[in-house]
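Results of the structural survey
Residue-level listing of the chains:
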Amino acid sequence: MTQDELKQKVAEAALNEVLPSLRADTILGIGTGSTANKFIDLLAPHARDFKGAVASSDASAERLKEHGIEVFDLNEVGEMEFYIDGADEANKQLELIKGGGAALTREKIVAECCKTFICIVDDTKVVEHLGAFPLPVEVIPMARSFVAREIVKLGGEPVWREGTVTDNGNHIIDVHGWKVEDAKALETQMNDWPGVVTNGLFALRPADLLLIGSQDGVKSLSVINTASDQGNYY
């Protein structure tokens, strides 16, 4: 299967996880990116089976609306059952790097407001150590140079994603050259810097269920089965 076909398969697996829980008052949290888009498209035929969704980006909101799925402001809803999104990297501890699509801040907020974070990836995204994919950091514009200097002090190579402005009106710095050994500690340290809105490490709030599309099927890793490193295949 091609990478695109693997994304389709893992999106189908996520839909199967969610469908039994859909009710008339259900509001889903929906992420951003190519794999999340496939999930949105698969969700479309079931638009009448649930109330609507909260989107982590303007792009996802528009795609949901095109399918007739009502989009809610997060301030209008309480805790949601599911958040479904992709990732740029994932490890077997269910820690992630996200933000390749520059939606990391809203993704992190929506994930925090959901009971179950289902992360959907193809197997090229699963790594032993996070960091091969450049770590995105969202910063307010005036802090860009300051934050870049702090990154250099930690041995990273900051690159301004020139021309990219987030949905929040901020800039993105991509950090190259890091092998992340302690994702939770690094996430906390970077978020303490003035001017950082958030960084793309999802370790303090990792995925609850990681669905991995592979040539052998879709493997699932969860908090329960990661201790023994025994995932399940669909």
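Above: the structure in question.
Small disclaimer: the values here were computed from a predicted structure and weren't measured.

Things to note about the overall build of the protein chain
- A count of helical and extended segments in the protein chain gives six helices and 14 strands.
- Relative to the globule expectation of 17 Å for 234 residues, the C-alpha radius of gyration of the protein chain, 17 Å, shows essentially globular dimensions.
- Along the longest, intermediate and shortest principal axes, the C-alpha atoms of the protein chain span 50 × 40 × 30 Å.
- Charged side chains in the protein chain number 22 positive and 37 negative. The centres of these two groups are separated by 0 Å.

Quick look at unusual backbone geometry
- A positive phi angle is found at L94, which is not glycine, with a value near 70 degrees.
- Along the chain, the position of L94 falls in the loop between β4 (89-90) and β5 (96-97).
- The phi angle at A102 is positive, at roughly 65 degrees, despite the residue not being glycine.
- Among the secondary structure elements, A102 is positioned in the loop between β5 and α4 (104-112).

Looking at the pairing of strand β13 (residues 217-222)
- When you tally the buried positions in β13, you get five out of six residues, the bulk of the element.
- One ladder, built from six bridges, connects strand β12 (residues 209-214) with β13; its direction is antiparallel. Across the sheet, S214 pairs through a bridge with G217, a residue of β13.
- Between β12 and β13, which pair antiparallel in sequence order, lie two residues.

A closer look at the nonpolar core
- Ranked by size, the top nonpolar core spans 27 residues in total, and within it I30, F39, I84, I118 and L211 carry the most contacts.
- The biggest single contributor to this core is helix α1 (residues 3-18), with six residues.
- Here I84 is in contact with A14, V18, G29, I30, G31, F39, I118 and I120, once residues within four sequence places are set aside.
- Judged by nonpolar contacts, the second largest core, of 21 residues, contains I27, V77, C114 and I212.

Conventions used here
- Residues numbered from 1 in each chain as written.
- Predicted model: local features only at pLDDT ≥ 70, side-chain atom pairs only at ≥ 80, totals over all residues.
- Heavy atoms only, no water.
- Helix = DSSP H or I, 4+ residues; strand = E, 2+ residues; numbered from the N terminus.
- Rg over C-alpha atoms; globule rule 2.2 N^0.38 Å.
- Lys, Arg positive; Asp, Glu negative; His and termini not counted.
- Charge placed at Lys NZ, Arg CZ, Asp CG, Glu CD.
- Buried < 20%, exposed > 50% of the residue type's maximum accessible area, 1.4 Å probe, protein only.
- Pairing = 2+ DSSP bridges.
- Core = buried A, V, L, I, M, F, W, Y, C linked by side-chain atoms within 4.5 Å.
- Contact = heavy atoms within 4.5 Å.

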